[in-house]
Amino acid sequence: MSNILVTGAEGQLGQCFQSVANEFPSHNLFFVNKKALDITKIESLEKAYYQYPFEGIINCAAYSKVDQAEIEIDRANKINENGIQNIVTFAEEKGLFIIHFSTDYVFDGKIKLPLKEEHATNPLNRYAKSKLAGEAILSEANCIHTTFRISWLFSPFGSNFVKTILKLSNSRHEIQVVRDQTGRPTYGIDLARLVMKNINNPNFFDFHCYHYANKGATSWFNFAKKIMDFSKRNCKITPCLNSEFPTPAIRPIYSILDTSRVEKTLSLSIRNWETALGDCIKKIQYNEVI
């Protein structure tokens, strides 16, 4: 029986881990939200450890407001960079393992090939720069660790593209969605299950970085159309160009992650994003959590 701390419990990914926790009774997961544990304060980690000693940390705590990070630069860096340094320092002292999550936005989208872990990074926005800085700190850690870079995260929880489109369709007859950004959606519940199922795999920490996303590439436009199809709504989805809707933070046009490393290392069979989306929509409709 292993004891594992999960930070950021009230965030989207933290809630995904909570939703699958009962499937893995051989692990005691201790979920802490920001009020209970602030990763920017190392004494907060110490307090949690002495309340319930743990062998590892699954870090779901992050600053994830991509556009707001262009303004709140210091806050994004404090959480995504300094917070990771605190986790690393504490884990090194206590001999803990760390599982961390990063983003496809560390790439600039100029390479029109599925992106491998070793491809050169070049973040285009402040959020991505802060996440890459956190990656760099963790890569030098003197403890067992790995980072999962993920893309286009969605789930029945928190704020994400699927829930945004569903909300908009409640009040609109038509929604314009960008058609010239391409990536691979990641279903948070599938990711949480992958981590929990394989955390004791002897090969799990073989690499310091993995790319993970559900199978199949798509555009935000096609993603939105599928959301309408699965939810059986009549709201019309119309395509537009990224240039027509500029945002404070620049995003990569192409960020298809190559997941062959994690598939080979852990003998995974990753399901298609459309199948995962169907499950997600059913959970949202059943729980009325739009």
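Everything that follows concerns the structure shown earlier in this document.
Residues numbered from 1 in each chain as written. Predicted model: local features only at pLDDT ≥ 70, side-chain atom pairs only at ≥ 80, totals over all residues. Heavy atoms only, no water.

(A) A look at the environment of threonine 218. Relative to the helices and strands, threonine 218 is located in strand β11 (residues 218-219). For threonine 218, a relative accessible area of 7% translates into the label buried. Through-space distance from the C-alpha of threonine 218 to that of serine 139 is 30 Å; in sequence the pair is 79 residues apart. The residues touching threonine 218, leaving out its near neighbours within four places in the chain, are Trp152, Gln181, Thr182, Gly183, Pro185, Phe223 and Trp273. (Helix = DSSP H or I, 4+ residues; strand = E, 2+ residues; numbered from the N terminus. Buried < 20%, exposed > 50% of the residue type's maximum accessible area, 1.4 Å probe, protein only. Contact = heavy atoms within 4.5 Å.)

(B) A look at the sheet that holds strand β10 (residues 209-212). A sheet is described by the order of its strands in space; here six strands give the open sequence β2-β1-β3-β4-β5-β10, paired in parallel fashion. Both edges of this open sheet fall to β2 (27-31) and β10, since each of them pairs with a single strand only. Going across the sheet, the axis of each strand differs from the next one's by a mean of 25°, ignoring polarity. In terms of strand pairing, strand β1 (residues 2-7) meets β2 through five bridges, oriented parallel. Among the inter-strand pairings, asparagine 3 is bridged to a residue of β2, identified as asparagine 28. With respect to the sheet, helix α3 (residues 73-94) is in contact with β3 (56-59) and β4 (97-103), its orientation differing from that of β4 by roughly 160°. In this fold helix α4 (residues 126-139) packs onto β4 and β5 (145-150), with an angle of close to 155° to the strand it touches most, β4. (Pairing = 2+ DSSP bridges. Axes fitted to C-alpha atoms, helices over the stretch in contact; angles between N-to-C directions.)

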